[in-house]
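Overview (structure and organization)
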Amino acid sequence: MLSTVSHMPVIAWAAAAACLSGAATLLLTPAMIKAAHAFDWVDYPQADRWHATPTALMGGVAMYGAGALALLLLGPLAGVGTDVGLIGGGATLLFAVGMVDDLWGVGPTTKLAAQVGAAVLLMAAGHGFGPEWPLWASAPVTLVWVIGITNAVNLLDNMDGLAAGIGGIAAVALTAFAAAGGALLAALLGGTVGGAALGFLWFNAKPARIFMGDCGSLVLGYGVAALAVMGQGAVAAGPGVAVLAPICALAVPILDTTLVTVARTQAGRPVTNGGQDHTSHRLVTLGLSESAAVGTLHGMGAVAGGVGLTALVVEPTLFYAACAFGTVALGVIGGSLGRLDVYRAARVGGDGAPSVSTSPSSNAQSGQGRWQTVAAYLVGDGLLIGGALAAAHALVGSGGLAGGEGVPIVEGVLLVGAIQLAVLYAMGLYRRLWRHAGTPGIARIVGTILLAQAATAGGLALVYGLGAVSAPLLMVDGVILTLGVLGSRLGHRGLQRGASLYRSRAAPAEPTSNVLLYGTGERGMLALRALRDAEETDRVPVGFVDPDPSKQDQVVQGLPVFGGPGACADLCREHDIDEVIVAVGDAAADREQEVARQCAEAGVACRLFDVQMKPLGAGREDSTHGEPMHGPPA
């Protein structure tokens, strides 16, 4: 698949651009930090921002200056001065608008106009989305792509080192892709962008000494968006590979923007408003430290970029399969993190941890939410079925379904997909929640896939004859599909267990008690907050039980609601619970007794969360019986 063009000169130009841009950023950024404090270009803490200390702004000035220096020096030497000028003009336009926004503020319409202008300059340089697409299709997609990715990176600049790291990693992957095809201009631009981003990361990693601001994030977003477009024509590959491969490197910004847009839309909040509802914030909610959350997203970006680069060394069908599985994995991660409602944290508990909305409007839409979940599973399973079939065909080789037995490939794939989806639906894989599935759920999935493979073989034989059935192909397809479906159904639980394992490893090695909280109301939130705020405690909250069916299988304050009080004994055994804390009002005395009975059955301690307010006197003889009060335990 690789071009016959010699790659070494192109790689050398990219390396030179990266070194020059990175070194210039390392030199310019300290001066920019001093200038920012001198002119009070400082980002002060705000309610919708993550940082807690005043931090210098305008780091984008150093990044832009370093990148401009590298391109001005190396562009003419490489013989790409004119094209660099057009693309650099788009970056300059966004830098100017971003700088004005950082200093005085501009409206979204002005930013959008600047992004449109930058996209037009990119197309004027001869680069459009889809190298073989007609202009009427390529131009609008290029416009949407540049605007979308530019804003995605801008939104991703919400935690120390996040946008700089993700942008730098994406630039490295896209530069490697471009260099593999001998695209000198793209490789030169990629080295410049990557060097500036990674050089700035030295000062922007936690604890950040300076933020890049909009004048940096808009330019960085435009740079990687342009790289993805320019790299599409660099490598000759199968249909769609040239488009999909560069997109993979930007999977994390795409995931974050999609998650934020959907969450804010469902919550009735303006998408353009800031907030602590990004992927990074949600990972912190699961229990990761800020550095671990940023590192996790950096790792995801590196893996996604690596998947894109596999297009250079594997068959197209195997690359398509990797893209399908990666899309489902991102969907599982996004769906799991999206269930955390970060918008009610200030009203419930008040400690900044998110919870799930239990408003009447959200409960009234539960039916609609179920069909949305089923639709998401159907789309995900469709991708898994297609990816498994493509991977099996690439591993087993031609023959059978896609070989010389007279089976049209598209028609055959559609038939297999229809049969397998029908079996999965008929066997109830869309009629239950999988967030807490155990061994019976795994057995059901394995049995369903076996039945689906048998139905597939029968359907192919019935429609095309026995010669269309390839036993090795179906066997490999069944194994891959089983692993994919298991991952999609158990992914949420895996994320929770992984976060719990991280918390246990990060916490001091002291004996702790796993605590199950009964009640997700106000008193339950107060009990959880008291446990979390205690400086010295050996109690670790694991989850909730609640009699309200609308709250079950939800996430409240970052903890799962496992079910109702009737399952308390089983939950204690399954999750190694050492203590149950009942935090409900006096009206639920009968339920308290039932929980106490089940705790005795399971052999775990059961305590009542209650607070007494007593008059303060000179001696204990003045104390009287108190009255219940909502507040931390004495």
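Think of each chain on its own: its residues are numbered from 1, step by step along the sequence as written. In view of the model being predicted, local features appear only for residues whose pLDDT reaches at least 70, and side-chain atom pairs are presented and counted only at 80 or more, with totals across whole chains, interfaces and linings using the full set of residues. Neither water nor hydrogens contribute to the side-chain values; these are computed over all heavy atoms in the structure.

**Some thoughts on a nonpolar patch on the surface**
Heads up, the condition is: Patches here are clusters of residues that have more than 30% relative accessible area and form no salt bridge, with a 9 Å joining cutoff for like charges and a 5 Å cutoff for nonpolar side chains (Val, Leu, Ile, Met, Phe, Trp, Tyr). Per-residue and other accessible areas follow the Shrake-Rupley method at a 1.4 Å probe size, with only the shown protein chains counted as cover for residues. Each salt bridge in this description consists of a side-chain nitrogen of Lys or Arg and a carboxyl oxygen of Asp or Glu lying within 4 Å of one another. Each helix is a run of H or I in the DSSP string that is no shorter than four residues. Each strand is a run of E no shorter than two, and both are numbered from the N terminus.
Together, Ile409, Val410, Val413 and Leu414 give the surface a local cluster of nonpolar side chains, amounting to about 370 Å² of exposed area. Within the fold, leucine 414 resides in helix H16 (residues 409-426).

**Some points on empty space enclosed by the protein**
The condition that has to hold: The definitions used throughout rest on a 1 Å grid laid over the protein atoms alone, on which a cavity is an enclosed set of points accommodating a 1.4 Å probe that cannot get out and a pocket is an open set flanked by protein within 12 Å on both sides along at least five of seven lines; lining residues are those having an atom within 4 Å of a point. Grid points are joined across faces, edges and corners, and a volume is the space filled by probe spheres set on the points. In the scheme used here, Gly and all other residues not listed as nonpolar or charged are polar, with Ala, Val, Leu, Ile, Met, Phe, Trp, Tyr, Cys and Pro taken as nonpolar and Asp, Glu, Lys and Arg as charged.
Applying the stated criterion across every chain yields a total of two cavities of 30 Å³ or more. Empty space within the largest cavity amounts to approximately 80 Å³. In terms of lining residues, the largest cavity is bounded by 10 residues, among which Leu286, Ser336, Leu340, His492 and Gln496 are the most central. Listed by contribution, the elements that provide at least two residues to the lining of the largest cavity are helix H13 (316-338) and helix H18 (471-506). Considering every element that reaches the lining of the largest cavity, the biggest residue donor is H18, with three residues. Looking at side-chain class alone, the lining of the largest cavity contains five nonpolar, four polar and one charged residues. In this structure, the second largest cavity occupies an estimated 40 Å³ of space. In terms of lining, the second largest cavity is formed by Ala173, Leu174, Phe177, Ala245, Pro246, Ala249, Gly305, Gly308 and Leu309.

**Notes on the pattern of salt bridges**
Our working rule: Accessibility here uses a 1.4 Å probe with only protein chains present; expressed as a share of the type maximum, an area under 20% marks a residue as buried, one over 50% as exposed, and anything in between as partly exposed.
Summed over the entire model, instances satisfying the criterion amount to nine salt bridges. Between lysine 111 and aspartate 101 there is a salt bridge; the shortest N-O distance is 2.9 Å. Taken together, the residues lysine 111 in helix H4 (residues 108-124) and aspartate 101 in helix H3 (residues 81-103) connect sequence positions 10 residues apart. You can call aspartate 101 buried: its relative accessible area is 15%.

**Regarding H16**
Condition: Expected span of a helix: the number of residues minus one, times 1.5 Å.
For H16, which comprises 18 residues, the first-to-last C-alpha distance of 26 Å matches the rise-based estimate of 26 Å (1.5 Å per residue) to within 8%. Directly after H16, the chain includes glycine 428, whose backbone phi takes a positive value near 85°.

**As for the state of the cysteines**
The condition that has to hold: We call a pair of cysteine sulfur atoms a disulfide whenever their separation is within 2.5 Å.
Across all of its chains, the model carries zero disulfides by this definition. Looking at cysteine 606, it has no disulfide partner, and the nearest cysteine sulfur is the one in cysteine 599, 3.9 Å off.

**Observations concerning the packing of helix H6 (residues 162-180) against helix H8 (residues 214-230)**
Quick note on the threshold: Lines fitted to C-alpha atoms define the axes here, with helix axes fitted over just the stretch in contact, and angles between the N-to-C directions of these axes take values from 0 to 180 degrees. Throughout this description, any angle smaller than 35 degrees is read as roughly parallel, any larger than 145 degrees as roughly antiparallel, any in the 65 to 115 degree range as roughly perpendicular, and the remainder as oblique. In this scheme, a crossing is called left-handed if the near helix is turned counterclockwise away from the far one by less than a right angle; it is called right-handed if the turn is clockwise. Note on contacts: a residue pair qualifies if any of its non-hydrogen atoms lie within 4.5 Å across the two residues.
For the pair H6 and H8, the least separation of the axes is 10 Å and the interaxial angle reads 20°. Considering their axes alone, H6 and H8 lie roughly parallel with respect to each other. The two elements H6 and H8 meet at a crossing, and its hand is left-handed. Facing Ala163, Ala164, Gly167, Ala170, Ala171 and Leu174 of H6, the residues of H8 in contact are Leu220, Val224, Leu227 and Ala228. Of the residues that constitute the contact of H6 with H8, the class distribution is nine nonpolar, one polar and no charged.

**A few points about the sheet that holds strand S6 (residues 559-563)**
Under the convention used in this document: Only strands that DSSP links by at least two bridges are regarded as paired with each other.
Taken in spatial order, the six strands of this open sheet run S5-S6-S4-S3-S7-S8, and their pairing is mixed. Looking at the sheet topology across the chains shown, the edges are occupied by strand S5 (555-556) and strand S8 (605-608). In this structure, S5 lies alongside S6, joined through two bridges in antiparallel fashion. In the sheet register, valine 555 faces S6, and the bridge partner there is proline 560.

**Brief notes about the environment of serine 289**
Turning to its location among the elements, serine 289 is positioned in the loop between helix H11 (279-285) and helix H12 (290-309). Residue class for serine 289 comes out partly exposed when judged on its relative accessible area of 31%. Expressed as a C-alpha distance, the spacing of serine 289 and tyrosine 502, which sit 213 residues apart in the sequence, is 9.4 Å. When near neighbours in sequence (up to four residues on either side) are disregarded, serine 289 contacts Val284 and Tyr502.

**Brief notes about the nonpolar core**
Applicable threshold: We define the nonpolar core as a collection of buried residues of types Ala, Val, Leu, Ile, Met, Phe, Trp, Tyr and Cys that are connected through side-chain atoms lying within 4.5 Å of one another.
By size, the foremost hydrophobic cluster in this structure holds 65 residues, and its most contacted members are Ile87, Leu122, Trp145, Leu189, Tyr222, Val224 and Met230. Residue assignment for this core shows that the elements contributing at least two residues are helix H1 (8-38), helix H2 (59-78), H3, H4, helix H5 (135-156), H6, helix H7 (184-204) and H8. Residues Ile385, Leu424, Tyr430 and Ile445 belong to the second largest nonpolar core, which totals 20 residues.

Geometry only, nothing functional implied.
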